[in-house]
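Commentary on secondary and tertiary structure
What follows is each chain in one-letter form.
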Amino acid sequence: MHYRVYYLFERSGESVSSASALEVSSREIREQLLPRLQHEDDYLGIIDHAENTLQILREPGSIRYWVELPIDAAKASYGRHMDFEEVDQLIRELPSVFDREAIPGLEYRPW
């Protein structure tokens, strides 16, 4: 399955904005993009076919990741912490449309 992605990888200075998102497969996300989230300012956004976004950010000073479904209108998100293996498994099983039921354990957090 293919999705559109945007990202920032601080160390290499590579970035793609959400307005210029690139189409990639879930396999490319897992194998090429996910391992590059190494700096606390790095992030990866994945856009599904219904224009929903799943964002993955590296937690500062940690090996954990924050995975969220942002809700811009509410200035909040549904998210949770995951380790690399959990995020990798999530990407393996990404649904065609992201929603709260697709990711167990999400919590509501205002920005």
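In short, a report on the structure. These numbers come from a predicted model, not from an experiment.

Across its full length, the protein carries 2 helices and 8 strands. For the protein, the α and β elements follow one another from N to C terminus as β-β-β-α-β-β-β-β-α-β. Relative to its length of 111 residues, the protein is compact, with a C-alpha radius of gyration of 13 Å against a globular reference of 13 Å. Each of the 111 residues in the protein was classed as buried or not, and the buried ones make up 41%. When contacts within the protein are restricted to residue pairs at least 6 apart in sequence, long-range pairs at least 24 apart make up 49% of them. Side-chain charges in the protein split into 12 positive and 21 negative, and the spacing between the mean points of these groups amounts to 2 Å.

Another aspect to go through is the nonpolar core. Grouped together as the largest cluster of nonpolar side chains are 26 residues, with contacts concentrated most on Ile 29, Leu 44, Ile 46, Leu 54 and Ile 56. Counting only elements with at least two residues in this core, the list comes to β1 (2-9), α1 (26-33), β4 (43-47), β5 (53-58), β6 (65-71), β7 (76-82) and α2 (84-92). Setting aside residues up to four positions removed in sequence, Leu 44 forms contacts with Val 5, Tyr 6, Tyr 7, Ile 29, Leu 33, Leu 34, Leu 37, Leu 54, Gln 55 and Ile 56.

Each value, and the rule that gives it
Residues numbered from 1 in each chain as written. Predicted model: local features only at pLDDT ≥ 70, side-chain atom pairs only at ≥ 80, totals over all residues. Heavy atoms only, no water. Helix = DSSP H or I, 4+ residues; strand = E, 2+ residues; numbered from the N terminus. Rg over C-alpha atoms; globule rule 2.2 N^0.38 Å. Buried < 20%, exposed > 50% of the residue type's maximum accessible area, 1.4 Å probe, protein only. Contact = heavy atoms within 4.5 Å. Lys, Arg positive; Asp, Glu negative; His and termini not counted. Charge placed at Lys NZ, Arg CZ, Asp CG, Glu CD. Core = buried A, V, L, I, M, F, W, Y, C linked by side-chain atoms within 4.5 Å.

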